[in-house]
2 protein chains.
Amino acid sequence: MTNPDPNSIEDAVIAAILARRLKPGTRLGEAKLAEVYGVSRTRVREAMMRLETRGILQVSARRGWFIVEPSAQEARAAFEARRVIEAGILQSLARPSDAALRELRRHVEEERCAVLAGDAGARACLLGDFHIHLASAIGNPLLTEILRDLTARTTLVSMLYQSDLHAAESSEDHHRILALVEAGDVAGASRLMAEHIHRVEAGLDLSARPDPLAELRGLLAPAGTP
Amino acid sequence: MTNPDPNSIEDAVIAAILARRLKPGTRLGEAKLAEVYGVSRTRVREAMMRLETRGILQVSARRGWFIVEPSAQEARAAFEARRVIEAGILQSLARPSDAALRELRRHVEEERCAVLAGDAGARACLLGDFHIHLASAIGNPLLTEILRDLTARTTLVSMLYQSDLHAAESSEDHHRILALVEAGDVAGASRLMAEHIHRVEAGLDLSARPDPLAELRGLLAPAGTP
DNA sequence: TGCACCAGTCTTGTATACCAGACTGGTTCG
DNA sequence: CGAACCAGTCTGGTATACAAGACTGGTGCA
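Just so you know, these numbers come straight off a predicted model, no measurement behind them. (Residues numbered from 1 in each chain as written. Chains lettered and ligands numbered in written order. Predicted model: local features only at pLDDT ≥ 70, side-chain atom pairs only at ≥ 80, totals over all residues. Heavy atoms only, no water.)

Novice: Can you help me understand the nonpolar core in this one?
Specialist: Generally speaking, soluble globular proteins have nonpolar side chains that are buried together. In terms of nonpolar packing, the biggest core is built from 72 residues, with Ile85 of chain A together with Ile85 of chain B touching the most fellow members. Sequence-distant contacts of isoleucine 85 of chain A, defined by excluding residues within four places in its chain, comprise Leu143, Ile146, Leu147 and Leu150 of chain A together with Val84, Ile85, Leu143 and Ile146 of chain B. Listed in part, the 48 residues of the second largest apolar core include Ala34 and Met49 of chain A together with Ala34 and Val44 of chain B. (Core = buried A, V, L, I, M, F, W, Y, C linked by side-chain atoms within 4.5 Å. Buried < 20%, exposed > 50% of the residue type's maximum accessible area, 1.4 Å probe, protein only. Contact = heavy atoms within 4.5 Å.)

Novice: What is the right way to look at the interface of chain A and chain B in this model?
Specialist: Often the size quoted for an interface is simply the accessible area lost on bringing the parts together. Tallying the contact residues gives 23 residues for chain A and 23 residues for chain B. Note on chain A versus chain B: buried area summed over both sides is about 2000 Å², and carbon and sulfur give 63% of it. Taken together, the connections running from chain A to chain B amount to two salt bridges. When the shortest N-O distance is used, the salt bridge between glutamate 52 of chain B and arginine 50 of chain A registers 2.1 Å. One can count seven residue pairs in polar contact (both at pLDDT 80 or more) joining chain A with chain B. Sorting the residues of the side of chain A that touches chain B by element identifies α3 (41-53), α4 (72-91) and α7 (141-160) of chain A as the ones contributing at least two each. No other element matches the nine residues that α4 of chain A contributes to the side of chain A that touches chain B. Tallied by class, residues from the side of chain A that touches chain B come to twelve nonpolar, five polar and six charged. (Buried area = accessible area lost by both parts, 1.4 Å probe. Salt bridge = Lys/Arg side-chain N within 4 Å of Asp/Glu carboxyl O. Polar contact = N/O pair within 3.5 Å; in protein donor to acceptor, adjacent residues only side chain to side chain. Helix = DSSP H or I, 4+ residues; strand = E, 2+ residues; numbered from the N terminus. Nonpolar A, V, L, I, M, F, W, Y, C, P; charged D, E, K, R; others polar.)

Novice: Sorry if this is basic, but what is going on with the relation of the copies chain A and chain B here?
Specialist: Taken together, a rotation about one axis and a shift along it account for how the two chain copies relate. Once chain A is rotated about the relating axis by 180° and shifted along it by 0.0 Å, it coincides with chain B to within an RMSD of 0.0 Å. This pairing of chains is accounted for by a two-fold axis. With an isologous cut-off of 70% or more, the 100% of interface residues of chain A that recur at the interface of chain B puts this contact in the isologous class. (Least-squares fit on C-alpha atoms with pLDDT ≥ 70 in both.)

Novice: What is the right way to read the sheet that holds strand β2 (residues 57-60) of chain A from this model?
Specialist: The strands making up a sheet associate through hydrogen bonds between their backbones, and the pairing can be parallel or antiparallel. Residues and elements named next belong to chain A. Read from one edge to the other, the open sheet built from three strands follows the order β1-β3-β2, with strand pairing classed as antiparallel. With partners counted over all chains shown, the strands left at the sheet margins are β1 (27-28) and β2, one partner each. Relative to strand β3 (residues 64-67), β2 runs antiparallel, the two sharing four bridges. When the bridges of β3 are listed, glutamine 58 appears paired with phenylalanine 66. (Pairing = 2+ DSSP bridges.)

Novice: Help me understand the pairing of β3 of chain A in this model?
Specialist: Residues in a regular strand project their side chains so that they alternate between the two faces of the sheet. All names here are of chain A. Residue alternation in β3 divides its side chains into two sets, Gly64 and Phe66 and Trp65 and Ile67, and both sets are buried. Strand direction decides the pairing type here: β1 and β3, joined by two bridges, are antiparallel. By the bridge assignment, arginine 27 is partnered in β3 with phenylalanine 66. The hairpin turn running from β2 into β3, its antiparallel successor, is three residues long, and arginine 62 in that turn takes a positive phi close to 60°.

Novice: Could you clarify how one ought to interpret the protein's contact with DNA strand D in this entry?
Specialist: Among the 17 residues in the neighbourhood of DNA strand D, the closest are listed as Ser40, Thr42 and Arg63 of chain A together with Arg27 and Arg45 of chain B. The sugar-phosphate portion of DNA strand D accounts for 69% of its atoms within 4 Å of the protein, the bases making up the rest. One of the side-chain N or O atoms of serine 40 of chain A is found 2.6 Å from a phosphate oxygen in DNA strand D. (Near = heavy atom within 4 Å.)

Structure (structure tokens):
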């Protein structure tokens, strides 16, 4: 249980965000994490700083480390970055290996199952993972890494701005994108991917300021909240 | 002189790389940097770790921090990433602001002057800066940041694999790309950018293993080096 | 009642002490 | 002569101690 792996903390945080188990604004105390992972504060601090440079955490002086709460502007930037990069990837995706295609096909099927089963947790996780798998399909670790962090960011955004998250539609989009890739229609796949990300972004309400008291409203103000 | 700014070290290292004043494989000792910047080793270590997660430095246990020496495979990945992202940026660069265009135009002129004047240092620096400026022209800090780190990487690659660095050609490419952008031909600009980066990559000899003794050969083995 | 103030506590910020591994140069033994 | 060995030194790795700021809750004064 006491994992000595130094970047296990980083990976755990990223994974938890992608699985929507860590919400934006969550505080991560150094002491607490040190205890949980059985390491000293020094190591925890390292991981926190690394995650900060990756744009996942923010530090508030002498208050703690917090999962970032992207502003509307930052949210748009994150989606734009994903659009640019993912469309670019598909466009230059000359010939993915058969193994990669099979893996993607399998993933899309898994998505479908989760959507049909109504398993919200697995579903959200898989829908984000598709994009990461797609990036890794071209075998460029740099792009995969960049896209993983970007996907974590947009996941936070969608948690913050209450997306409707039309899971079925998204899964369908993924299916069609993959079909175009398999057919060798890189331009079409690229265009559809851009549209897809646009759609997801459009499903958010970026005009609404995120409400730090959101989870309290239901508890304390039953009737006439103006 | 004793700059208290915490990320001044990071910026200084990146800037030095872009200006080709720090070569791949250079060792950066914690104690040395701490003395130079008048801070404690703790702060230096922070900066080093941040640069490591940005892919600029590498740590060799108990030996020191080194500027990365990308392998041929990593080099190709870096160029591919730049191609994907920069082509993508240009393609979705709907309408750059007039101010941004003026800035880019000015930059290209400056490049030309440096090329004509034969100022190798300024020239190399400016040629890399063009791409960063272009990224910042669309006003997306995320993409700018990503591209800065990627450009630092490819700069290291070109130092390592002795590019011929046809500065005049590159500057000319930049000029033409900007002209296409101004003409609103995003597809053309995008295509030309991809070609441009390809050309730069092709100017390298990625098959040659970098030689750690390169700088000694000229000194010690004047005649018959097999 | 309401506001300002203040001690106490909690959390990160920073420096430093000490440890362990890697390298160096010299020495000794075959 | 050469190779193995062995202190000595230098480096980063890690933990810890302590400082300083932010928050909390309570108290006293107007």
